[in-house]
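# Structural features, examined
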Amino acid sequence: MADEPMMANVRIDDAGLVLAKDPHADGSYCFPHHGQVADVEGCSLPLAEALHARIRPVGTAEAVLRNWATGGPVGAAALWDDPAAADPVRVRAGAVVIRDERMLLIGFEEDGQPFYEIPGGGVETGETPHAAAVRELREESGLAGSVIREVARVWKDHRREHYFLLKAEGEIGAREQLDNHGGTPVWVPIDRLPTTPVWPRRLAWRLAHWHTAGWPTPPAELADSILDLQADCTW
C-alpha cells in the first residue's frame, strides 16, 4: 500500500488563519501537520496580513491563500506542498528597477496579447544570483545596476527564482545592442503592476505594495501556479 501523502492542518478562526511560528526562521510561520494544532507560539493572521507573511510550505500557502482570497472552499486539510525541499531544475535571477514611480519591464506579444517579464534570466555555472541579476539587466536593457537587496524568492514549475531590487544608471540601449529575446524594455507605472500581465503574476502586485509599505526583510517566499496572465490575482 502506497504511503499516504503528507497533509497540512488548515483552520480559519474568527481572527484569521491559524499558523504556528516557525522556530527556524524569525518572523516566519508554518502550517501544523494534519492532526496537530498550532503550539502555544501559534497565532491567527487575518487575510490582509497572511497575504504578505512568510508562510511555509510555500506551495501549501499558495493553494490555501488562493481559495481564501477568492471565496473558494478552504478545507480542514491541504496537501503538504514544499517546492523548496527539492533541487530546482533551473535557477533564475531577476532585476527590479524603479525610477520615478515606474518599473522597468521587458514587453512581449503572443497571439496578439501583450505580456511582460521582469528583466532576468538563468544563473550561469559558477555565478551567484546577485551577479546574474546585474548581468541580465545589462544584457536586456543596457542599464548598469548594483544590488540593493533581495526582495523575493519564487518557486514555479520546478524553478527557483531570485528577485533583487537594483539601483541602475544609464539609459535604455539601442534595440540592436540588446539581448532580450526580441522584447522591448518599457517603463510601467508601478501602481499599474497589479493589473498588468507580468510574470511572475503573484509577485507583480506585491511589488507595488512593497514600494509604498516597505520592502520585506528577509526576502518574501512565494509559489506561483498561475497560468493565465489576464486573470485577476489578489493572493
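Let me begin by describing the structure that accompanies this report. (Residues numbered from 1 in each chain as written. Predicted model: local features only at pLDDT ≥ 70, side-chain atom pairs only at ≥ 80, totals over all residues. Heavy atoms only, no water.)

A word on the overall build of the protein chain. Regarding its fold elements, the protein chain presents four helices and 15 strands. Taken over the C-alpha atoms alone, the protein chain extends approximately 60 × 35 × 35 Å along its principal axes. When the 235 residues of the protein chain are sorted by exposure, 45% land in the buried category. Look at the contacts in the protein chain between residues 6 or more apart in sequence, and 67% of them connect residues 24 or more apart. Charge separation in the protein chain, taken as the distance between the mean sites of 22 positive and 36 negative side-chain charges, equals 4 Å. (Helix = DSSP H or I, 4+ residues; strand = E, 2+ residues; numbered from the N terminus. Buried < 20%, exposed > 50% of the residue type's maximum accessible area, 1.4 Å probe, protein only. Contact = heavy atoms within 4.5 Å. Lys, Arg positive; Asp, Glu negative; His and termini not counted. Charge placed at Lys NZ, Arg CZ, Asp CG, Glu CD.)

Turning our attention to helix α4 (residues 201-213). Between its terminal C-alpha atoms α4 stretches 19 Å, which fits the 18 Å expected from 13 residues at 1.5 Å a residue. Residues of α4 that are buried: R201, R202, L203, A204, W205, R206, L207, A208 and W210. (Expected span 1.5 Å × (residues − 1).)

Ordered by their spatial adjacency, four strands build an open sheet running β4-β2-β3-β5, and the pairing between neighbours is mixed. If you trace the sheet from one side to the other, it starts and ends with β4 (43-45) and β5 (54-56), each paired once. Across the sheet, the mean angle separating the axes of adjacent strands is 50° when strand polarity is ignored. Where strand β2 (residues 17-21) lies against strand β3 (residues 28-30), two bridges are found, and the strand directions are antiparallel. Following the sheet pairing, A20 is matched in β3 by C30. (Pairing = 2+ DSSP bridges. Axes fitted to C-alpha atoms, helices over the stretch in contact; angles between N-to-C directions.)

Moving on, we get to the side chain of E161. By the secondary structure assignment, E161 is in strand β12 (residues 159-169). Residue contacts for E161: discarding those within four places in its chain leaves R92, A152, R153, V154 and P200.

What follows is about the pattern of salt bridges. Within the structure shown, the criterion is met by 14 salt bridges. The partner of D224 in a salt bridge is K156, with the nearest N and O atoms 3.9 Å apart. Of this pair, D224 sits in the segment after β15 (220-223) while K156 sits in strand β11 (residues 144-156), and the two are 68 residues apart along the sequence. Like K156, D224 is buried. Among the ionic contacts, a cluster of salt bridges with common partners joins E124, E127, R135, E136 and E139. (Salt bridge = Lys/Arg side-chain N within 4 Å of Asp/Glu carboxyl O.)

Turning to the state of the cysteines, a few remarks are in order. Applying the stated criterion to the full structure yields zero disulfides. No disulfide involves C30; its sulfur sits 10 Å from the nearest other cysteine sulfur, which is in C43. Residue class for C30 comes out buried when judged on its relative accessible area of 19%. (Disulfide = S-S within 2.5 Å.)

As a further point, take empty space enclosed by the protein. Tallying each qualifying case throughout the model produces one cavity of 30 Å³ or more. Estimated volume of the largest cavity: approximately 80 Å³. Lining the largest cavity we find 14 residues, and of these A61, L65, R202, E221 and L222 sit closest to its centre. Listed by contribution, the elements that provide at least two residues to the lining of the largest cavity are β5, α2 (58-70), α4 and β15. At four residues, the largest contribution of residues to the lining of the largest cavity is made by α2. Split into classes, the residues belonging to the lining of the largest cavity amount to nine nonpolar, no polar and five charged. (1 Å grid on protein atoms, 1.4 Å probe; cavity = no way out; pocket = protein on both sides within 12 Å on 5 of 7 lines; lining within 4 Å. Points joined across faces, edges and corners; volume = space filled by probe spheres on them. Nonpolar A, V, L, I, M, F, W, Y, C, P; charged D, E, K, R; others polar.)

What follows covers the packing of aromatic side chains. Following the criterion strictly, the structure yields two aromatic pairs and no others. With a centroid separation of 5.5 Å and an interplanar angle of 20°, the aromatic rings of F108 and F115 are classed as stacked. Relative to W215, the ring of W210 has its centre 6.3 Å away and its plane inclined at 55°; by these criteria the two rings are tilted. Here W210 matches W215 in class, with each residue buried. (Phe/Tyr/Trp six-rings, centres within 6.5 Å; stacked < 30°, edge-to-face > 60°.)

Looking at the element boundaries, D81 is found in the loop between β6 (77-79) and β7 (90-99). On a C-alpha basis, the gap between D81 and A61 in space is 8.5 Å, while along the polypeptide they are 20 residues apart. The residues contacting D81, other than those within four sequence positions of it, are P57, V58, G59 and T60.

Our next topic: the pairing of β15. Here β15 shows a buried face lined by A220 and L222 and a second buried face lined by E221 and A223. Pairing of β11 with β15, which is carried by four bridges, proceeds in the parallel orientation. When the sheet's bridge partners are listed, V154 is paired in β15 with L222.

In short, geometric facts, not functional conclusions.
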